[in-house]
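# Structural characterization, general
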Amino acid sequence: MVLFPPASSPSPPPPSLSLCVLLFLFLLLLIINSRPSHSRLLHNFIRIMDRVMTGEGMDEKGWRRLARINQQLQPKGIPSLLSPSQLESMPTLGVGLPALDIASAFPQATPASTFPTSVSDYFGLEDLLSPEDVALRKRVRRVMEEHVAPVVTKYWEKAEFPFEIIPHLASLKIAGGTIKGYGCPGLSILSHALVGAEIARVDASCCTFALVHSSLCMSTIGMLGNEEQKQKYLPSLARFDTIGCWALTEPAYGSDASSLNTTAVKVEGGWLLNGQKRWIGNATFADIVVVFARNTQTNQINGFIVKKGTPGYRATKIENKIGLRIVQNGDIIMKDVFIPDEDRLTGINSFQDTNKVLAVSRIMVAWLPIGVCMGVYDICYRYLQERKQFGAPLAALQINQEKLVRMLGNIQAMFLLGWKLCKMYESGKMTPGQASLCKAWNTLRARETVALGRELLGGNGILSDFLVAKAFCDIEPIYTYEGTYDINTLVTGREITGIASIKPSASGKIKGFTASQK
Ligand SMILES: Cc1cc2nc3c(=O)[nH]c(=O)nc-3n(C[C@H](O)[C@H](O)[C@H](O)COP(=O)(O)OP(=O)(O)OC[C@H]3O[C@@H](n4cnc5c(N)ncnc54)[C@H](O)[C@@H]3O)c2cc1C
């Protein structure tokens, strides 16, 4: 029996051409089949969804397959078969599972949604306050900690305004601040400033919202409006039933706001406003806007109350801010906006009148960084006790203690300066230079304080969940608005030296500085 062919037997003939063609066609079929048709994808999608419908449930792998099929269908012109909320709640391809809740991701330290106890009054400066002020401060603190702190971070991240907090702010009856009557609380400037700081301690955007509404819009009507205007507008603003904003800055005139070129032309029965405003807080949803415009007859600045929805008026949101993300800053465009005579603010006849409002609101803005730093200090203090490294709480490390103490020192000094500024205002002795110095210096110290806080929290110092990163970003626009650090410094410089240095020489030309460098 021959089991093996003899070694000398001839080798098989080479594959014929028809065999090669067959092999090629087979491979082609394989490739085509490996790219699923959309009917096959749909079939698979329905099969997997069936498992959910019949109550079999769905594991992570199933959701992943569903997401993959959904993604493959879209280039074929089929809209997403999954709703946005399904897509959001499911683990998406390549992105992994939704983020862990911060409390389970980092159990060693409490996030700012549970706000820390206030511990920054090292020198017992509360002794400088009246019992009424202490009680008011506590009331605001409680509302902010209980109702705002738990929700505010998510709004900050989404850059959306938290309308849900307005009833809580309204319950405090603080809008209108120092205005007496018309449903306003008639607070002292110090009480109003303390309220602002308490709001800012939890969230600087909420404080900015309230300041624009109360210290700019309402104060302008309260200080420079006539009796009918006060009766008409202040009560609903005081209840937060209507919201106000204040439009001075223009794209071409920021620090140089007194040169603004929005125009107000007198026509029969009223005025026509034309121009553009920028950076206006609350602009996208405010019911009324105080607009500053140049009277073309007198060439002076006048003020007008513009109502939402007036034909020719349009406000759009400024996107992509890195700080005060909750504040809805807007660009406003006005084309032949008709304002009836009754809505011209009769007390504003030049930029000097605008300055009267700014002088008071600058006190409030000077207190905002105090509040921000108090919150940052409180959270850092708690964090350093809770978080351990090298077998000890972070608070036990010398360098961390130095940073904490520097922050605390800043807060004591800022508070004392703010308190003294209010006392000077109340006695009628405060000068514009003093208000400017307080605003400028407090924001400078605040920048240092929040930066130290950011360092103390390590990686968590860049997460808004622990407040400090949010405050770190929020201080930047506060350093800039209501007069930048530089402009406020130069206002004080002018007052102490008697030499104005804000405006460059008329020609603006400096030797060796070419036009292209401007
Ligand atoms: C978050 C936010 C909210 C705001 N809300 C409002 C609002 O509700 N209503 C409103 O009307 N405006 C609002 N503003 C506008 C704000 O008041 C201006 O941004 C501010 O006055 C600075 O103007 P500017 O941004 O045009 O900067 P610029 O004036 O262009 O200044 C740019 C830089 O030049 C410096 N500079 C300018 N002039 C001088 C000078 N003479 N000497 C030395 N340095 C100078 C400044 O200090 C700054 O560093 C807001 C701004 C921000 C960022």
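This report concerns the structure included in the present document. None of the values given here were measured: they were computed from a predicted structure.

Looking now at the pattern of salt bridges. Per the counting criterion, the structure on display carries 24 salt bridges. Between Lys317 and Glu319 there is a salt bridge, with the nearest N and O atoms lying 3.9 Å from each other. Where salt bridges share partners, they join Glu126, Arg137, Arg141 and Glu198 into one cluster.

Mapped onto the elements of the fold, Arg201 is located in helix 8 (residues 189-202). At 2.9 Å, the side chain of Arg201 and the backbone oxygen of Pro116 are in polar contact. Those residues in contact with Arg201 that sit more than four places away from it in its chain are Phe115, Pro116, Thr117, Ser118, Arg141, Glu145, Gly371, Val372, Met374, Gly375, Asp378 and Leu467.

The end-to-end C-alpha separation of helix 10 (residues 227-238) is 16 Å, in line with the 16 Å expected for twelve residues at 1.5 Å each. Considered for burial, the residues of helix 10 that qualify are Gln229, Lys230, Tyr233, Leu234, Ser236, Leu237 and Ala238.

What follows concerns the site of the ligand. In the vicinity of the ligand, 18 residues are found, and the nearest of them are Thr249, Ser255, Thr484, Asp486 and Ile502. The separation between a nitrogen atom of the ligand and a polar side-chain atom of Thr249 is 2.7 Å. One of the side-chain nitrogen or oxygen atoms of Ser255 is found 2.6 Å away from an oxygen atom of the ligand. Those elements giving two or more residues to the shell around the ligand turn out to be strand 5 (270-281), helix 14 (468-480) and helix 15 (485-497).

Attention now moves to the nonpolar core. Among the nonpolar cores identified, the biggest contains 135 residues, and Ile199, Ile221, Leu273 and Trp367 are the most heavily contacted of them. If one sorts the elements of this core by residue count, helix 11 (residues 351-386) sits on top with 20 residues. In this structure Ile199 touches Val140, Met144, Leu169, Ile174, Cys206, Cys207 and Ala210, once residues within four positions along its chain are discounted. Listed in part, the eight residues of the second largest apolar core include Leu66, Ile69, Leu73 and Leu82.

A few words on the packing of helix 8 against helix 12 (residues 398-426). Put simply, helix 8 and helix 12 touch, their axes get as near as 9 Å, and they point 150° apart. Every residue of helix 12 that contacts helix 8 at Ile189, Leu190, Ala193 and Leu194 is listed here: Phe415, Trp419, Cys422, Lys423, Tyr425 and Glu426. Of the residues contributing to the contact of helix 8 with helix 12, the split by class is eight nonpolar, no polar and two charged.

On to helix 6 (residues 131-158), then. The end-to-end C-alpha separation of helix 6 is 39 Å, in line with the 40 Å expected for 28 residues at 1.5 Å each. Along helix 6, the helix axis deviates most sharply at Val148, where the bend reaches about 55°; the proline Pro150 sits within four residues downstream. Ala159 lies just past helix 6 and shows a positive phi near 55°.

Right, let's talk about the packing of aromatic side chains for a bit. A full pass over the atoms with the stated rule returns 15 aromatic pairs. Ring geometry for Phe106 and Tyr383: centres 6.2 Å apart, planes at 5°, overall stacked. One end of the pair, Phe106, is in the loop between helix 5 (102-105) and helix 6; the other, Tyr383, is in helix 11, and 277 residues separate them in sequence. Between Phe209 and Phe240 the ring centres are 6.1 Å apart and the planes differ by 25°, which places this aromatic pair in the stacked class. Taken together, the residues span a long stretch of sequence, with Phe209 in helix 9 (residues 204-224) and Phe240 in the loop between helix 10 and strand 3 (244-247) at a distance of 31 residues. Just as Phe209 is buried, Phe240 falls in that class too. Aromatic ring contacts, followed pair by pair, group Phe161, Phe163, Phe209, Phe240 and Phe285 into a single cluster. The aromatic ring of Trp156 is capped on one face by Arg325, whose charged end is 5.6 Å from the ring centroid. Positioned above the aromatic ring of Tyr479, the side-chain terminus of Arg447 is 3.8 Å from the ring centre.

Now for the pairing of strand 6 (residues 288-295). Taking burial as the measure, the eight residues of strand 6 include eight buried ones, the bulk of the element. Summarising the sheet, strand 3 and strand 6 pair through four bridges and their orientation is parallel. Residue pairing across strands places Cys245 opposite Val289, the latter belonging to strand 6. Relative to strand 6, strand 4 (residues 263-267) runs parallel, the two sharing two bridges. Across the sheet, Ala264 pairs through a bridge with Asn295, a residue of strand 6.

Reading the values: the criteria
Residues numbered from 1 in each chain as written. Predicted model: local features only at pLDDT ≥ 70, side-chain atom pairs only at ≥ 80, totals over all residues. Heavy atoms only, no water. Salt bridge = Lys/Arg side-chain N within 4 Å of Asp/Glu carboxyl O. Helix = DSSP H or I, 4+ residues; strand = E, 2+ residues; numbered from the N terminus. Polar contact = N/O pair within 3.5 Å; in protein donor to acceptor, adjacent residues only side chain to side chain. Contact = heavy atoms within 4.5 Å. Expected span 1.5 Å × (residues − 1). Buried < 20%, exposed > 50% of the residue type's maximum accessible area, 1.4 Å probe, protein only. Near = heavy atom within 4 Å. Core = buried A, V, L, I, M, F, W, Y, C linked by side-chain atoms within 4.5 Å. Axes fitted to C-alpha atoms, helices over the stretch in contact; angles between N-to-C directions. Nonpolar A, V, L, I, M, F, W, Y, C, P; charged D, E, K, R; others polar. Bend = angle between axes of the 7 residues up to and from the residue. Phe/Tyr/Trp six-rings, centres within 6.5 Å; stacked < 30°, edge-to-face > 60°. Lys NZ or Arg CZ within 6 Å of the ring centre and 35° of its normal. Pairing = 2+ DSSP bridges.

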